[in-house]
Amino acid sequence: MKPLAPAFLGIALWTMPYAAMAEAPLIAAASVLKFALEDIAQVYQDETDQDLRIVYGSSGNFAAQIREGAPFDLFLAADEDFILSLAKDGLTRDEGVIYASGRLVMLTPKDGKLAPSEDLSTLQAALENGTIGRFAIASPVHAPYGMRAKEVLEHVGLWDRIEAHLVFGENVSQATQFAVSGSTDGGIVAYALALAPEIKSQSDYALIPADWHAPLNQRMALLADASAEAQAIFEYLQGDVAKEIFASYGFGLPEVK
Amino acid sequence: MTLSVRLKADLPIALDLSFEVKAGEMLALVGPSGSGKSTVLRSIAGLFHPAQSEVTANGASWSGLPTHQRRVGMVFQSYALFPHLTTLGNISIALKETGEARTIEARRLLKLVGLSDVANRLPAELSGGQQQRVAIARALARKPDVLLLDEPFSAVDRPTREILYKEIEALRSELSMPVILVTHDMDEAQRLADRMAVIDKGRLVCQGSLAEVALDPRAMRVLGLRETGAVLTARVKAQETDGLTRLEHPAGVLFVPQIREEIGTEVKLRLLAHDVMLASQRPSEISALNVIEGTVLSITPGDGPGAMVRLDAGGEILLARITRRSVAALGLNEGSKCFAVLKSLAIARDRVHR
Amino acid sequence: MDWQALRLSLLLASLTVVILVPIAIFSGRRLALSKRKSLPIIEAMIALPLVLPPTVLGFYLLSAFGRSSPLGQIWQSVFGHTLAFSFEGLLLASIIVNIPFAVQPIQRGFEAVPQELREAAACSGMSPLMSLWKIELPLAWPAVLTGAVLTFAHTLGEFGVVLMVGGAIPGETKTIAISIYDKVQSFNSSSAAQMSAVLLAVSITTITLTFLMSRKIGRRLS
């Protein structure tokens, strides 16, 4: 027992200071923002010395958690509806702002048997030949990019036939992972993620026409009791530096109001 | 310091009895298995709670007191020594004293039971007999108002049992409290105890001195005819050269296999009824050395071929179990004079003692 | 390497053990000695977290202390923040979910102590508490250790319940298991691999050390 007691004590003391981090603003961000927001946060931290705590996930999940009282300060959703719904119930300060708009791509692994196509013709062909295996999209229930992917597939009349082959990611980032991993033949995922270096190196993509689905106007809002530090980052995300980074990841930018 | 017990219960085992044990007295509680002997002990200790229980020890009522507040010393059939404590530790843990005084007292008890040289051994390293002695020392460490022994010798072999009997006898001076010994062994009861109580189906069939109980027909029924016998008192007269001891009894001379007692010592002999033969005339040219004169007091025929004959032998009662045919053939009746015949070797050493 | 998440996980596991094990000792002993007819039902309830999917557990826990529950609201009014999505909420969930891992081995340990020893302890003047401390625990301690180790290891690996009740908040509820999941989702396999290896090493070390210790002392007893 002798050497263990001081070891445990040491570990105990080391774990204690976790509480000190509690002041940094807590941001809920749709998983599509994974790379873009990390870049922005890095710049922000360098500029202001302010730490940020960011959690990535599906917008629907976050909305549910916020309703359960999750202590987020700022919520960046992948569309508008979730934010507006929360605003209606008084959980956010106001209806927030649109900070970017997203696009969908058809994504396939680099050495896969399926090639991407803007009009999904290759996908259609594979379906008709019976050579299609599994195909990934985000959850059409609580991930905006998943909902739009479903609209796209319905638009070209492939939904009924492809449904049985679909694999659903918990959020669009997981869907992208499935699409790239080789265990599927590809997927319909976010443009922003397809542009990230880690993904780009392993896959090919084709941009899907924006009018094939409802727009992905991504809205963000401060939560009801957000801190001043959260307000600061909220402002920053609407500034030029942030906009440039969003643009580099293929996000459309809101027109100046 | 008298112990007074009154118990009544229906479930899970039927009990209805009351008895008393005086200070320094050892009561043997005998009976067949399932008769409730262990339950009686457990009730006294507070480990079992019958529907009605009145136990008074040393003037204080124990009813309602939890076991650990009763000053009871209990020696379990399987010793129940604490396996993670040494011999000394097992004894010390039951002591009220602390510090220096505790060690001194623990060592004293250890010496009392002759285990000083195994003080630091664990129970697993001790023999059965040694473990038993630790259990006894631990029970005594409690300075109990009552000492309870639950078939303490049943798990031990005969030679070790002999040694333990002697130890108990030596300890009697230390045992100033009432002691109850539960056993199914009549010889053991007779050897160690002052009084006996026979229990059957939760009720006391009879109680009294050993001689009284040995002759009681109710006890006979419970304990079985094979165990039935009488106790005679005789005096050691001489140690013979051929391995026999000569005893003198008002009804005749008795020879028994050699017992190590001084000349003039009074000893008791337990004679089983079925070892006793009867003759209407003094037999001669016969191997049996022991012939005692007696007068028939009563003859009780059994259900089978046997009959129990009660004799007055020199003022003491003797029992003989013979066939009814022989009773008739010998013409025995109340008042008949006859001779009881016993083989010397039939009187086993463990049935002769002070 | 997400040190913060590792620290959080170790803290969560340690606190769960420290709080749960004493509770498990008392209840395990009580259950071992119980002669109640309702014992099988109680044991089944204790075993529930073993068989329920973590999502079901998470769901019920969230109902029990989420924002709209009585407990959640009391907490909120006293501490100013929700019980769910906080470290305290996670700790509470962890304690509840680990009950069978702690109680079952400890209960078996106490059941293995012969009743006669307890009786002998009582006859030797020891109150039930003294008997627990001086006789039963020294004999049943390997079982207590097993319960502690199982609880610790299980907490380190707990994922489903943590995700539902905790919300993966860095520094607060983002445990190392969740961090690994996150890294995989971020296509950061090297980081995920690194952390998985650390978790594996910690688990193996803890368990091996424990078993070594228990054999050593077990030998001393027998």
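This part covers the overall build of chain C. From N to C terminus, chain C includes eleven helices and zero strands. Across its three principal directions, the C-alpha atoms of chain C cover 65 × 40 × 30 Å. A total accessible area of about 10,100 Å² is found for chain C, and carbon and sulfur atoms account for 70% of it. For chain C, the distance from the average position of its 16 positive side-chain charges to the average position of its 10 negative side-chain charges is 6 Å.

Take the confidence of the model for chain C next. All names here are of chain C. Residues of chain C with pLDDT of at least 70 account for 97%, and the chain-wide mean is 88. The spread of mean pLDDT over the elements of chain C runs between helix 11 (residues 189-221), the lowest at 79, and helix 7 (residues 115-123), the highest at 94. For this predicted complex, the interface confidence reaches an ipTM of 0.80, while the overall pTM sits at 0.78.

Let's shift gears to the packing of helix 5 (residues 87-97) of chain C against helix 6 (residues 99-111) of chain C. All names here are of chain C. At their nearest, the axes of helix 5 and helix 6 sit 5 Å apart, and the two run at 40° to each other. Side by side, helix 5 and helix 6 meet where Ile95, Ile96 and Val97 of the first sit next to Ile99, Pro100 and Phe101 of the second. Within the contact of helix 5 with helix 6, the residues separate by chemical class into six nonpolar, no polar and no charged.

Looking now at the confidence of the model for chain A. All names here are of chain A. A residue-level look at chain A finds 90% of positions with pLDDT of 70 or above and a mean pLDDT of 88. Across chain A, element-level confidence peaks in strand 3 (residues 74-76) with a mean pLDDT of 95 and bottoms out in helix 1 (residues 4-15) with 57. Throughout residues 17-21 the model reports pLDDT below 50, and contacts reaching past four residues in sequence, or to other chains, amount to nine contacts.

A rise of 1.5 Å per residue sets the reference length of helix 4 (residues 128-141) of chain B, with its 14 residues, at 20 Å; its end C-alpha atoms lie 20 Å apart and thus fit the reference within 8%. Helix 4 of chain B sits mainly inside the fold: 13 of its 14 residues count as buried.

Tallying the contact residues gives 20 residues for chain B and 19 residues for chain C. Buried area between chain B and chain C, both sides added, is near 1,600 Å², and the carbon and sulfur share of it is 67%. The largest share of the area that chain B buries against chain C comes from B:His68, B:Phe82 and B:His84, three residues that together contribute 35% of it. Where chain B packs against chain C, one counts one salt bridge. With its nearest N and O atoms 2.6 Å apart, the salt bridge here joins C:Glu119 to B:Arg42. One can count four residue pairs in polar contact (both at pLDDT 80 or more) joining chain B with chain C. Elements with a minimum of two residues in the side of chain B that touches chain C: helix 1 (37-45) and strand 6 (72-75) of chain B. Considered class by class, the residues forming the side of chain B that touches chain C number 13 nonpolar, four polar and three charged.

A ring pair, where both rings are aromatic, is described by two values, the distance of the centres and the angle of the planes. For the coordinates displayed, the defined rule picks out ten aromatic pairs over all chains. Arranged with centres 5.7 Å apart and planes meeting at 85°, the rings of A:Phe246 and A:Phe251 form a pair that is edge-to-face. Since its relative accessible area comes to 0%, A:Phe246 is described here as buried. Their ring planes at 35° and their centres at 4.3 Å tell us that C:Trp75 and C:Phe79 sit as a pair that is tilted. Of this pair, C:Trp75 and C:Phe79 both sit in helix 4 (residues 70-79), four residues apart, which is roughly one turn of that helix. Of the residues examined, C:Trp75 reaches a relative accessible area of 21% and is grouped as partly exposed. Three or more aromatic residues joined by ring pairs make a cluster, and in this case those are A:Phe62, A:Phe72 and A:Phe75. The positively charged end of B:Arg138 is found above the aromatic ring belonging to B:Phe82, 4.6 Å away from the centroid.

Here two pairs of chains are in contact, and chains A and C lead that list by number of contacts. The two units chain A and chain B remain apart, with a minimum C-alpha distance of 18 Å.

About the thresholds
Residues numbered from 1 in each chain as written. Chains lettered and ligands numbered in written order. Predicted model: local features only at pLDDT ≥ 70, side-chain atom pairs only at ≥ 80, totals over all residues. Heavy atoms only, no water. Helix = DSSP H or I, 4+ residues; strand = E, 2+ residues; numbered from the N terminus. Areas by Shrake-Rupley, 256 points an atom, 1.4 Å probe, with all protein chains shown as cover. Lys, Arg positive; Asp, Glu negative; His and termini not counted. Charge placed at Lys NZ, Arg CZ, Asp CG, Glu CD. pLDDT = per-residue confidence, 0-100. Axes fitted to C-alpha atoms, helices over the stretch in contact; angles between N-to-C directions. Contact = heavy atoms within 4.5 Å. Nonpolar A, V, L, I, M, F, W, Y, C, P; charged D, E, K, R; others polar. Expected span 1.5 Å × (residues − 1). Buried < 20%, exposed > 50% of the residue type's maximum accessible area, 1.4 Å probe, protein only. Buried area = accessible area lost by both parts, 1.4 Å probe. Salt bridge = Lys/Arg side-chain N within 4 Å of Asp/Glu carboxyl O. Polar contact = N/O pair within 3.5 Å; in protein donor to acceptor, adjacent residues only side chain to side chain. Phe/Tyr/Trp six-rings, centres within 6.5 Å; stacked < 30°, edge-to-face > 60°. Lys NZ or Arg CZ within 6 Å of the ring centre and 35° of its normal.

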